[in-house]
Amino acid sequence: MTSTDRPALGILLICAGVAAISVNDMLIKLLSGGYPLHQIVFVRSAVGLIFSLALLQYEGGIKLLRTSTPFLHLLRGLLVVGANMTFYAAVAVLPLAQATALFFVAPLFITLLAIPMLGEKVGPLRLGAVIVGFAGVAVMQRPWAETAVGASRFVLLLPVAAALLYALMQVLTRRLGVSTRASALAIYIQGTFLLVSVGFYLIAGDGRLSPGPQNESLHFLLRAWIVPPRADWPVFAAIGLAAGGIGYCLSAAYRMADAATIAPFEYIGLPLAIFWGWAIFGEWPAPTVWLGCALIVGAGLFVFLREQQKGRPLPGRRARPFRR
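A. The overall build of the chain, seen in detail. What the chain contains, in helices and strands, is 13 helices and zero strands. Taken from the N to the C terminus, the helices and strands of the chain come in the order α-α-α-α-α-α-α-α-α-α-α-α-α. The proportion of buried residues among the 324 residues of the chain is 56%. A separation of at least 24 residues holds for 85% of the contacts in the chain among residues at least 6 apart in sequence. Just so you have it, the chain exposes about 13600 Å², and 70% of that area is on carbon and sulfur atoms.

Here it is, written out as structure tokens:
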């Protein structure tokens, strides 16, 4: 067993990373009523960058940041940022469990994108699973109802858009192989987040572009920066530490084991989201959300297990990047 073929450690790291994602999502939703998203992202990324730089030094130092594909890393980072922005714009409005479940269509998008982008052949069973998964999205969207329940259909589509951006990033990541260390991958992402959040501050930091609280998602993206009271400092610090842990754990996990082995463990994020939604925000999924969750998660797991059974690598295996 080589240093990049350690499935047990990969599973442990993916579970730790997904747990950190769950805490991160819960804390961002907790702050969404008072801060703009780009301010939260700036603080989170700044703290996470310090954490990632410490890990980089431990793994070998600044020389690990050298890369022959800088534009590929930049594009990958922008896709992560786009996925984050759209997902958290939804989290400000939707229950955590519902937003998380809708985001889990990402593996199904990866399967579809592998056809034109990687030349992979996808059989009828996997295509059937993709259809079932998107049927779960339709159940949550309730197209037969005159109006969406709890949020507009536009907001309900935001986690799906985030999943598509994430899937594009996963397919792109496959080109990076195992040549980049986990800490370096995390630093590239954190740096991109910082640049984009500073750009948002320069353009919209005074809140002049916010449509107001009547549009919760856009208001969360564009409201004015404020100076956090001391009571919120520990929350910002916790978000930053979680971001650093996410970046390292997920990147390291997918470098140490095949995606087919560890990717199904990402689905522990859904029960964690249900728990936080219930414990912190008093949310409990409606029956249609439970049904949609079952269809999406079942389809995603079938795709993963089918790939493992056939002995084929999933798109984006190894060096899989941090998700949120």
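Next comes the rest of the account.
B. Just helix H4 (residues 96–103), in detail. Counted residue by residue, H4 has eight buried out of eight residues, so it is predominantly covered. Considered for burial, the residues of H4 that qualify are Leu 96, Ala 97, Gln 98, Ala 99, Thr 100, Ala 101, Leu 102 and Phe 103.

C. Expanded view of the side chain of Ser 32. Note on placement: Ser 32 falls in the loop between helix H1 (7–31) and helix H2 (37–59). A polar contact is formed between the side chain of Ser 32 and the backbone oxygen of Lys 29, at a distance of 2.7 Å. The residues contacting Ser 32, other than those within four sequence positions of it, are Ala 92, Phe 220 and Arg 223.

D. How the structure looks around the packing of aromatic side chains. In the structure shown here, the tally under the stated rule is 11 aromatic pairs. Where Phe 87 meets Tyr 88, the ring centres are 5.3 Å apart and the plane angle is 75°; that geometry is what we call edge-to-face. The same class applies to Phe 87 as to Tyr 88, namely buried. Both rings, one in Phe 87 and one in Phe 103, keep their centres 5.6 Å apart while their planes meet at 70°; by these two values the pair is edge-to-face. In this pair, Phe 87 is assigned in helix H3 (residues 70–91) and Phe 103 in helix H4, connecting sequence segments 16 residues apart. Owing to a relative accessible area of 0%, Phe 87 belongs among the buried residues under this scheme.

E. Seen up close, the pattern of salt bridges. In total, this model carries two salt bridges according to the counting rule given. A salt bridge links Glu 283 to Lys 29; its shortest N-O distance comes to 3.6 Å. Highlighted residues: Glu 283 in the loop between helix H12 (269–281) and helix H13 (287–310) and Lys 29 in helix H1, separated in sequence by 254 residues. The residues Glu 283 and Lys 29 share a single accessibility class, namely buried.

F. Expanded view of a nonpolar patch on the surface. Taken together, Val 198, Tyr 201, Leu 202, Ile 203 and Leu 209 make up a surface patch of nonpolar side chains, about 480 Å² in accessible area. Of note, Val 198 is situated in helix H8 (residues 182–204). A relative accessible area of 34% places Val 198 in the partly exposed class.

G. Highlighting the environment of Gln 141. Its location among the elements puts Gln 141 in helix H6 (residues 124–141). Among the residues examined, Gln 141 registers a relative accessible area of 9% and is labelled buried. For the pair formed by Gln 141 and Phe 154, sequence separation is 13 residues and the distance between their alpha carbons is 9.6 Å.

Here is what the cut-offs are and how they apply
- Residues numbered from 1 in each chain as written.
- Predicted model: local features only at pLDDT ≥ 70, side-chain atom pairs only at ≥ 80, totals over all residues.
- Heavy atoms only, no water.
- Helix = DSSP H or I, 4+ residues; strand = E, 2+ residues; numbered from the N terminus.
- Buried < 20%, exposed > 50% of the residue type's maximum accessible area, 1.4 Å probe, protein only.
- Contact = heavy atoms within 4.5 Å.
- Areas by Shrake-Rupley, 256 points an atom, 1.4 Å probe, with all protein chains shown as cover.
- Polar contact = N/O pair within 3.5 Å; in protein donor to acceptor, adjacent residues only side chain to side chain.
- Phe/Tyr/Trp six-rings, centres within 6.5 Å; stacked < 30°, edge-to-face > 60°.
- Salt bridge = Lys/Arg side-chain N within 4 Å of Asp/Glu carboxyl O.
- Patch = residues over 30% accessible without salt bridge, like charges linked within 9 Å, V, L, I, M, F, W, Y side chains within 5 Å.

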